[in-house]
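Summary of the model geometry
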Amino acid sequence: ASMFTADNLPEDAFRPFPKRTYGVGRGVYGFAYAPNTPGVGYGAWHGDLYRFENRKPIRTAFTDQWMNSNGGATRRFNPKIAVHPADDRIVAVGVNSGAVALSFDGFASWVWLDLPPGIPERGSTISSALVLWEGDTLVIGVRGLGLFRAANSGKSPPVHIGGPSNPSQMKLLPSGDLWVI
């Protein structure tokens, strides 16, 4: 069942966009469940981030961000939202500028991680930064630059760890191996 429906989102969440509108984005950008808290997840819709508690959406303060969900090639880049494995209030979101926002309070507030800018995929479109948790360390993929790790729940400065230089998918396997393409 869909988390983003007219029945459970505020009316203004369905504000119409012209077909070629870019910027804050259109449609579903990404979704991630909290691994430690059943019924909790975060999802981005039309440039706004929502926290879901038992399918009830709560719009966070993270709004009008560049999360271009229906931009063609950007659909293939995942994961774009990551919930910390031990604390569902610690969440990272990679946006289309190649930047990463990190929150320690469920996106009542957030900080932008200090990352170099990504390289455009085509024209001026910069792909979404990828994010996932490897235990207490945030792993970040930035197009044209490769992979970074930010230890200590993302509080430590991101450190470049190598490639591939153009990651489009990341997954942490049950074995603990990081799979990147």
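Use the structure listed above.
Residues numbered from 1 in each chain as written. Predicted model: local features only at pLDDT ≥ 70, side-chain atom pairs only at ≥ 80, totals over all residues. Heavy atoms only, no water.

**What about the sheet that holds strand β1 (residues 28–33)?**
If you walk across this open sheet you meet the four strands as β1-β2-β3-β4, and the pairing is antiparallel. Every interior strand has two partners, whereas the edge strands, β1 and β4 (56–59), have only one. In this sheet, neighbouring strand axes are inclined to one another by 25° on average, regardless of whether the strands run parallel or antiparallel. Pairing of strand β3 (residues 48–53) with β4, which is carried by four bridges, proceeds in the antiparallel orientation. Among the inter-strand pairings, Arg 51 is bridged to a residue of β4, identified as Ile 58. (Pairing = 2+ DSSP bridges. Helix = DSSP H or I, 4+ residues; strand = E, 2+ residues; numbered from the N terminus. Axes fitted to C-alpha atoms, helices over the stretch in contact; angles between N-to-C directions.)

**Things to note about the side chain of Arg 51**
Along the polypeptide, Arg 51 turns up in strand β3. A polar atom in the side chain of Arg 51 sits 2.6 Å from the side chain of Tyr 42. Engagement of the side chain of Arg 51 in a polar contact is seen with the side chain of Asp 88, the distance being 3.1 Å. When sequence neighbours within four positions are dropped, the list of residues in contact with Arg 51 reads Val 40, Gly 41, Tyr 42, Lys 56, Pro 57, Ile 58, Thr 60 and Asp 88. (Polar contact = N/O pair within 3.5 Å; in protein donor to acceptor, adjacent residues only side chain to side chain. Contact = heavy atoms within 4.5 Å.)

**Some details on the sheet that holds strand β11 (residues 130–134)**
If you trace the four strands from one edge of the open sheet to the other, you get β11-β12-β13-β14, paired in antiparallel fashion. In this open sheet, the two strands that pair with only one neighbour each are β11 and β14 (159–162). Pairwise comparison of adjacent strand axes, ignoring direction, gives a mean angle of 30° for this sheet.

Keep in mind these values describe shape, not function.
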